[in-house]
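Working through the structure, step by step
What follows is each chain in one-letter form.
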Amino acid sequence: MKASTSPITVTSAQQPPRSGAAIRLAFLDFYTARGHRLVPSASLVPDDPTVLLTIAGMLPFKPVFLGQKQRPANRATSVQKCIRTNDIENVGRTARHHTFFEMLGNFSFGDYFKEQAICWAWELSTEVFGLDPQRLVASVFREDEEATAIWTGTVGLDPHRVVPMGEAENFWSAGPTGPCGPCSELYYDLQPEKGDEDIKLEDDERFIEFYNLVFMESNRNADGILTPLANKNIDTGMGLERMARILQGKPDNYETDLIYPLMAAVAQRSPLENYFAASPDQQTSLKIIADHSRAVTHLVADGVTSSNLGRGYVLRRLIRRAVRHGHLIGIREPFLEPLVDVVVQLMASAYPRLRQREDVVKRELQQEELRFLDTLGRGEKRLGEILMTRPKQISGGQAFELYDTHGFPLELTVEIACEHGLGVDREGFAAAMETQRQQARAAAVNVDPACGGVTESLAAKLGATPFTGYQQLDDESEVVALVVNGAAVQQAHHGNATVQVGLSRTCFYGESGGQVGDRGVLLSTTTSGQAMKMIVEDVQKVDGLVMHKGRLESGVLSLGDVVTARVDRSCRRRAQVHHTATHLLHEALKRVVDPGISQAGSLVDFDRLRFDFNCPRPVTASEMERMESLINGWILDARSLEVSQMSRAEAKTRGAVAMFGEKYGDVVRVVDVPGVSMELCGGTHVNNTAEIGLVRLVAESGVASGVRRIEAVAGPAVLTYIKPRDQACRELGERFKAQPTEIVARVEALQTELKHASKALAASREALALAKAVALIPQARSHGEFQLLVQRLDGVEPAALQTAGQALVDQLGPGAAVVLAGESSPGKVSLVAGFGPQVVARGLKAGALIGALAKGCGGGGGGRPNLAQAGGRQPEKIDAVLTAGRARLAQALGQSPPADPQPQRRKSAKSAGKTPSAG
């Protein structure tokens, strides 16, 4: 193939980025330097009713492309977290499929178009990421002659490597009608030696598609006719995991630094030695767990909780799939919660919300995993009972009983049966499953599948649920809908895992406007005297239909039953306190920080509140104090709230503020705190601000570019918040013999003392290390112009060992080749290599040598050609590694390996510190 020629200028002489984090940053830097506005990643829970989850980098900009919203800027760039589960069976089994992935994107809203997008994509790929132009292939829509001409003419890509494709592959559209256009994709060739003839881009083993450029230039009407758009747009996407695989030279996306640490962490918690020692099936399980752990951590961080519906079902399915694959590789204890630490460590710099929600994520995953492990335990017990009968095979009915009653996955039944030399009647299982589906369909109300999920269909059929909870917390109502395991049914029984109930009217508040749903009970008594009690754990509102979610503690619940709905009064009061406090906080922000502040999201819970708002800077500590004082002053004023209904136009005229994310009809509910705030709000509130008692602002942080967050507690939650802190203050006062106001000064003094002591200790350790190093000089062996010293040096911290290595190189001269290794602390190995200029001139690199030696101790590392450092976890292999290093150095320096002098071994605890005898 002829060499590609490109008119694009090299913009940087730096080495191409290699790590996932560096790739992410390099992409954003490239486009922000070219006038693109940096847009933070949107939530995985999209503000789009047509999709369940954020599945593409362009999804947050979809309303802009469709002309429904104003463009945020002429140009934008982002790294968008995405989740797709349509190919979940391929996850872990191919090199590139994931449920969670990151999409790097650059977008133009009526600004630049094809030529600029293509040239920038080429410059980024070849000059910033350093990809060999001769290994790149571009696909184009077969009718897009303009794109073809840009690739071959302006960029200079060989025509053999510009591949025309059909509409199915290279024409993008948002749907049957609307904006659409051709696209062009960049592929990386893993096997360029096969040449340019008959290139087949569908060959996944040879080509990786890593960058897709969509040229949105047309509008398609209902008749399929295309007309040019007034403003032509660019929508691109580059898969971060794929680019990391290419730049890091890995065989698949999973072995990159974005995901491999998760697989390593899982392997360590399993009977497996490590990922590379595992069988292919075990490696697949490790990949699935690593992928799903990223997905579930981000889902929970973005507010998704496990359930049998919608996003909650996606989360539950991923958690259970990960746990099942943990089971397959021998993990019998909970393991997902510790993986959260690894995900946060890998990704929190790009997604700070992970660290902010870390405790919430861990709690949700721990509870769901323990719940499923219990399910697995019950299933294994029942399967054991079946196996005791010595059947010829596990029948379809038995396998379905395990699945339906105990939640035991069919795959596990098959695996365990196979271990006992038995098969499973899969056809019988499928038949039993279909029978249950038919029974569920017969028992369910008629629902319209076009409406989406079961609850959406019920909402379309039943309409909005009348809410009586503003006036009363107890009410009688008729059961009009029942959902069990995702299906609408006639009857629910004690023992069903999760039940959702729709009522003809309800006093329970359904989650909306940031306020969580009420808690409480549903009660009834049948004509036979059997009592039914359902614990209501959550209340959700779906298109106006209020669904009460919980579990039946006793009895049976049927459609048409009349129940007593009773709201937990304590929970309701705590929610009301926090909701009214949220309105006061909003107003305080406007008065103290900026009158132009607007809400960007909120959470009103029983034990706290969270308020997100648009602000370009952090709120200062003094501003937080002033706001807290202002809010508590309004509370002490005992202002009675006035709640009224009026037309939306009238509310707007009176200055009422609309809350973020809420939808309003022509008649709205207005909550007025006289002289303080007036907002459109459907939530529940206190009657008088005095009922709040007290508000404490506890935290302020940034959650996205230009978006800040304040967290607070109010009412009884303030006491819960203060008690442990007050106890800690008392204990510190007793220990320091100081008053509370003196504790900070006392701690600062101790910190200063500790800092000085640490510096003195570090200096002493370094001096000791240097003394030990000097004592090693007689062990150096001359090899012509070179001085070779490879020795063990235990009990020296990594930093001091590096100092010692450099000191030995300085003393031995320009031909010095020094390697030191030792057990720096129990179970930890430190290694250092230092080369003089003559050794480096010979072509040896300290970083390459020390990295190779560290692998022998179960670790890794690297550094500069003249000085490098590494670590490991297998001290028992230090002597073998030093012997190998001595041999490699001697061979590289042109000499035979010298005789191995007696290595310095660690002193036992008894002899440590004693002066050796002179003999």
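Reference entry: report on the structure contained in this document. Keep in mind it's a predicted model, so treat the numbers as computed, not measured.

Let us now look at the overall build of the chain. Within the chain, the regular secondary structure consists of 25 helices and 34 strands. On the principal axes, the C-alpha backbone points of the chain span a range of 100 × 85 × 75 Å. Each of the 919 residues in the chain was classed as buried or not, and the buried ones make up 48%. Pairs at least 24 apart in sequence give 67% of the contacts found in the chain among residues at least 6 apart. With the model as given, the accessible surface of the chain reaches about 42,900 Å², and the carbon-plus-sulfur share is 50%. Of the side chains in the chain, 102 bear a positive and 106 a negative charge, and the two mean positions are spaced by 5 Å.

It is worth spelling out the sheet that holds strand β26 (residues 677–680) at this point. The strand order across the open sheet built from four strands is β23-β25-β26-β24, with neighbouring strands paired in mixed fashion. Since the sheet does not close on itself, it has two edges, and those belong to β23 (642–647) and β24 (657–658), each with one partner. In the sheet, β23 pairs with strand β25 (residues 667–673) via six bridges, with the strands oriented antiparallel. When the bridges of β25 are listed, Ser644 appears paired with Val670.

At a minimum axis distance of 9 Å, the contact between helix α21 (residues 743–776) and helix α22 (residues 798–812) shows a crossing angle of 40 degrees. Overall, the two elements α21 and α22 adopt an arrangement that is oblique. α21 and α22 meet at a crossing whose hand is right-handed. In this structure, α21 contributes Arg765, Glu766, Ala769, Leu770, Ala773 and Val774 to the contact, and α22 contributes Ala800, Thr803, Ala804, Ala807, Leu808 and Gln811. The class makeup of the residues in the contact of α21 with α22 is eight nonpolar, two polar and two charged.

Turning next to the side chain of Thr297. Tracing the chain through its elements places Thr297 in helix α8 (residues 280–301). Looking at Thr297, the relative accessible area reads 2%, which means it is buried. Leave out the neighbours within four places in its chain, and Thr297 touches Val340, Val343, Leu354, Val361 and Leu365.

The six strands are arranged β29-β30-β31-β32-β34-β33 in an open sheet whose pairing can be described as mixed. Each end of this open sheet is capped by a strand with a single partner; those strands are β29 (781–783) and β33 (860–863). Strand-to-strand, the axes of this sheet are offset by a mean angle of 15 degrees, without reference to chain direction. Direction of pairing for strand β32 (residues 828–835) relative to strand β34 (residues 867–872): antiparallel, over a ladder of six bridges. Bridge pairing links Leu831 to Ala870 in β34. Helix α25 (residues 878–892) contacts β30 (786–792), β31 (816–825) and β32 of the sheet and is inclined by roughly 170 degrees relative to β30.

This part is about the environment of Arg654. Following the sequence through the fold, Arg654 ends up in the loop between α19 (648–653) and β24. For Arg654, the residues in contact, after removing those within four places along its chain, are Met646 and Met678.

The next point concerns helix α24 (residues 846–855). Counting buried positions over the ten residues of α24 gives seven, a clear majority of the element. Burial in α24 covers these residues: Ala846, Gly847, Leu849, Ile850, Gly851, Leu853 and Ala854.

All right, on to the state of the cysteines then. On inspection of all chains with the given rule, the structure shows zero disulfides. Free cysteine Cys119: the closest other cysteine sulfur is in Cys183, separated by 18 Å.

Take the nonpolar core next. For soluble globular proteins, nonpolar side chains are generally found buried alongside one another. In this structure, Phe129, Trp151, Phe210 and Tyr211 are the most contacted members of the largest nonpolar core, which totals 109 residues. Among the elements that line this core, the one with the most residues is α8, at nine residues. Every residue in contact with Tyr211, bar those within four places of it in the chain, is listed here: Phe27, Tyr31, Asn106, Ala121, Leu124, Ser125, Ser184, Glu185, Leu186, Thr236, Gly237 and Met238. Formed by 31 residues, the second largest nonpolar core is a distinct cluster that contains Leu589, Cys615, Met624 and Val695.

All told, the structure shown has 41 salt bridges when counted by the stated rule. Across the salt bridge formed by Asp302 and Arg353, the nearest N and O atoms sit 3.3 Å from each other. Of this pair, Asp302 sits in the loop between α8 and α9 (310–328) while Arg353 sits in helix α11 (residues 353–356); the two residues are 51 residues apart in sequence, bridging distant segments of the chain. Since its relative accessible area comes to 19%, Arg353 is described here as buried. Where salt bridges share partners, they join Lys114, Asp144, Glu146 and Glu217 into one cluster.

Enumeration according to the criterion identifies 17 aromatic pairs in this entry. Both rings, one in Phe30 and one in Tyr31, keep their centres 4.9 Å apart while their planes meet at 80 degrees; by these two values the pair is edge-to-face. Since its relative accessible area comes to 5%, Phe30 is described here as buried. Ring geometry for Tyr275 and Phe276: centres 5.0 Å apart, planes at 80 degrees, overall edge-to-face. Using a relative accessible area of 2% as the deciding quantity, one classes Tyr275 as buried. Take Phe276: its relative accessible area is 54%, and that puts it in the exposed class. Of the aromatic side chains, those joined through ring pairs into one cluster are Phe27, Phe30, Tyr31, Tyr112, Trp120 and Tyr211. Directly above the ring of Phe30 sits Arg34, whose terminal nitrogen or CZ lies 3.6 Å from the centroid. In this structure, Arg669 packs its charged tip against the face of Tyr470, placed 3.8 Å from the ring centre.

Orientation of α8 relative to helix α12 (residues 358–388), taken along the N-to-C sense of each, is 120 degrees, at an axis distance of 9 Å. Crossing hand, α8 versus α12: right-handed. For the pair α8 and α12, contact is made by Val296, Thr297, Val300 and Ala301 and by Val360, Val361, Glu364 and Leu365, respectively.

So, how was this worked out
- Residues numbered from 1 in each chain as written.
- Predicted model: local features only at pLDDT ≥ 70, side-chain atom pairs only at ≥ 80, totals over all residues.
- Heavy atoms only, no water.
- Helix = DSSP H or I, 4+ residues; strand = E, 2+ residues; numbered from the N terminus.
- Buried < 20%, exposed > 50% of the residue type's maximum accessible area, 1.4 Å probe, protein only.
- Contact = heavy atoms within 4.5 Å.
- Areas by Shrake-Rupley, 256 points an atom, 1.4 Å probe, with all protein chains shown as cover.
- Lys, Arg positive; Asp, Glu negative; His and termini not counted.
- Charge placed at Lys NZ, Arg CZ, Asp CG, Glu CD.
- Pairing = 2+ DSSP bridges.
- Axes fitted to C-alpha atoms, helices over the stretch in contact; angles between N-to-C directions.
- Parallel < 35°, antiparallel > 145°, perpendicular 65-115°, else oblique.
- Left-handed = near helix turned anticlockwise from the far one by under 90°.
- Nonpolar A, V, L, I, M, F, W, Y, C, P; charged D, E, K, R; others polar.
- Disulfide = S-S within 2.5 Å.
- Core = buried A, V, L, I, M, F, W, Y, C linked by side-chain atoms within 4.5 Å.
- Salt bridge = Lys/Arg side-chain N within 4 Å of Asp/Glu carboxyl O.
- Phe/Tyr/Trp six-rings, centres within 6.5 Å; stacked < 30°, edge-to-face > 60°.
- Lys NZ or Arg CZ within 6 Å of the ring centre and 35° of its normal.

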